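Each chain, letter by letter, is given below.
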Amino acid sequence: MIRAVKGTRDILPPSSAVWNGVESAAREVFRAYNYEEIRTPILEEKALFARSVGQETDIVSKEMYTFTDRDGSELVLRPEATASVMRAYIEHRLDQRPGVQKLYYIGPMFRRERPQKGRYRQFFQIGAEAIGSESPAVDAEVIEMVIEILRRVGIEDSQLLLNSVGCPKCRPGFVAALRDQLKDVVQRMCADCQRRSETNPLRVLDCKVPEDQPIIDALPSILDYLCEECRTHFDAVRSYLDDRGIAYEVRPRLVRGLDYYTRTTFEITHGALGAQNSLLGGGRYDGLAEALGSRVPAPGIGFSIGEDRLVMTVEESEPEKRRHEIDLYIAPLGDAALRHAALVARNLRRQGLCVELGADVKLKRAMELANKLGARYALLIGDTELASGTYVLKDMASGEQRSATRNQLLDSITRNSDKDR
RNA sequence: GCGGCUUUAGCUCAGCUGGUAGAGCGCCGGAUUGUGGUUCCGGAUGUCACGGGUUCGAACCCCGUAAGCCGCCCCA
């Protein structure tokens with residue numbers, strides 16, 4: 001048997017309905033904040049991510065699906081979308097369009113990691129980017145927007161973590177100070193930290209080993225090393241969030257794994273997701289455009305929601321799965337009725353009803369199917385009905401039956417459905 | 001990439017100290033042929049994840065592989 005490849009999966013009904021619900025909720029919020037959709041290719045040049053996400057990050061150095069195309073070019077399945085959006089922004093000179101460019105995307109990303117709950121090799125992200133402003137007001141609005149999306153899908157009990165990782169002007173000073181202090185204490189830390197202190201000292205701050213925590217707490221904080229501009233920017237973001245009544249926790253140790261982040265970084269976590277408790281992450285990337293070869297600066301900020309994890313959380317918080325319903329099941333009895341029923345069905349479908357036209361099965365079986373498929377009404381069409389021109393319309397919930405002419409059908413069904421809802 | 005646990009029907013699972021499989025739900029059919037939900041009766045479905053090994057005999061013991069889950073790493 002051929003199975004879905006490791007780390008990928010099929011999204012089947014009724015779960016697919018939850019996915020659609022999450023996506024349309026997001027689209028509505030994006031619309032309200034005047035974000036427009038961008039669709040970028042899943043295939044990109046490898047260099048795009050090496051230059052943006054960072055050659056030395058795990059994502060680029062060991063998790064990308066890479067292949068050499070027939071013409072020799074190195075291509076990858078995109079591991080994230082921000083780099084692609086920025087690439088498109090530069091390529092199509094979106095800086096020439098008026099105002100801040102506010103773009104959103106929904107689609108699959110690929111990273112070759114060890115799969116586990118909430119982590120897949122093909123996973124979906126819902127994300128947005130606001131490019132063309134370094135105003136802290138944009139940061140606050142972006143964060144507000146993503147919280148609105150969560151609220152819209154019924155998630156209220158999440159936690160917003162906030163930090164500033166500085167800029168190329170002040171971060172090197174912090175890293176140097178960190179290295180300096182680590183020299184004296186690193187031999188008392190876990191093996192991973194000993195390695196990280198050489199390769200990526202910032203990652204030491206993210207260590208979860210309990211014994212290391214007292215040591216880490218004594219290490220310098222990035223917030224004490226921010227330059228004047230970064231400090232002012234971060235304070236402004238915080239006060240704009242306060243204005244909105246958005247609660248957050250400053251986590252000086254929140255380090256993100258992509259090299260392009262500057263200044264504001266944030267993450268929203270949710271319990272019951274297990275080890276992969278991060279629902280979404282984001283941040284500012286003021287130097288990204290230049291890193292990708294743009295001659296005009298294009299400071300921006302964005303986020304990306306792990307849609308798989310969001311859907312998982314929604315499904316857990318609303319276990320009463322709404323049953324898939326259809327408006328009408330038509331049970332034709334005999335070939336003449338079947339032909340006639342097809343026309344009735346097409347007419348009602350054109351009016352917007354969800355109609356299932358039964359195959360030519362026995363009436364008992366037809367009613368059974370109408371019930372199992374969740375039909376609100378069943379319509380019986382047989383020789384008697386064809387002759388008289390009136391059909392038998394049955395309310396599946398109450399069991400009541402009455403006759404209706406073809407012209408009365410739509411009215412009978414919709415009027416009662418309005419009453420029910 | 002590393003470690004631990006798991007894998008039996010579509011789903012959730014049982015299966016004793018090795019004797020070649022079961023339940024519930026679901027699915028399909030029937031209970032006088034134009035009426036569902038409840039009930040009753042009946043039925044189908046498994047290479048017991050895959051490949052080796054031990055044994056007269058393996059779902060069960062051993063080895064390997066794969067997949068899933070849980071950690072690590074990393075991240076969404």
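Look above for the structure.
Since this is a predicted model, take the numbers as computed values, not measurements.

(A) Quick peek at the pattern of salt bridges. Tallying each qualifying case throughout the model produces 24 salt bridges. Among the salt bridges present, the one from R9 reaches D308, with a minimum N-O distance of 2.7 Å. Taken together, the positions of R9 in the segment before α1 (15–32) and D308 in helix α12 (residues 307–317) put the pair 299 residues apart, joining distant regions of the chain. Here K102 ties to E141 by a salt bridge, and the two come within 3.8 Å at their closest N and O atoms. You can see K102 sitting in strand β5 (residues 101–110) and its partner E141 sitting in helix α5 (residues 136–152), a full 39 residues away along the chain. By relative accessible area, E141 is classed as partly exposed at 28%. Among the charged side chains, a network of salt bridges with common partners joins R27, E37 and R39.

(B) Main features of the sheet that holds strand β11 (residues 300–306). In space, the 8 strands of this open sheet follow the order β1-β5-β6-β11-β10-β9-β7-β8, with mixed pairing throughout. Both edges of this open sheet fall to β1 (36–37) and β8 (249–250), since each of them pairs with a single strand only.

(C) Just the protein's contact with RNA strand B, in detail. Near RNA strand B, the surroundings consist of 50 residues, among which R203, G257, R365, T384 and M396 are the closest. The share of sugar and phosphate among atoms of RNA strand B within 4 Å of the protein is 58%. At a separation of 2.6 Å, a phosphate oxygen of RNA strand B approaches a polar backbone atom of K117. Elements with a contribution of two residues or more to the surface near RNA strand B: β6 (122–131), α7 (191–199), β10 (278–284), β11, α14 (363–372) and α15 (383–388). With 7 residues, α14 is the single largest residue contributor to the surface near RNA strand B.

(D) Quick peek at the side chain of E80. Within the secondary structure, E80 is located in the loop between β4 (74–77) and α4 (82–91). It is R111 that comes nearest to the buried, bridge-free E80 among opposite-charge side chains, at 5.6 Å. Among the polar contacts listed, one links the side chain of E80 to the backbone nitrogen of A83, at a separation of 2.8 Å. At 2.4 Å, the side chain of E80 forms a polar contact with the side chain of Y260. Non-local contacts of E80, meaning those with residues more than four positions away in its chain, are made with F49, V53, M109, R111, Q125, L258 and Y260.

Rules used throughout
Residues numbered from 1 in each chain as written. Chains lettered and ligands numbered in written order. Predicted model: local features only at pLDDT ≥ 70, side-chain atom pairs only at ≥ 80, totals over all residues. Heavy atoms only, no water. Salt bridge = Lys/Arg side-chain N within 4 Å of Asp/Glu carboxyl O. Helix = DSSP H or I, 4+ residues; strand = E, 2+ residues; numbered from the N terminus. Buried < 20%, exposed > 50% of the residue type's maximum accessible area, 1.4 Å probe, protein only. Pairing = 2+ DSSP bridges. Near = heavy atom within 4 Å. Polar contact = N/O pair within 3.5 Å; in protein donor to acceptor, adjacent residues only side chain to side chain. Lys, Arg positive; Asp, Glu negative; His and termini not counted. Contact = heavy atoms within 4.5 Å.

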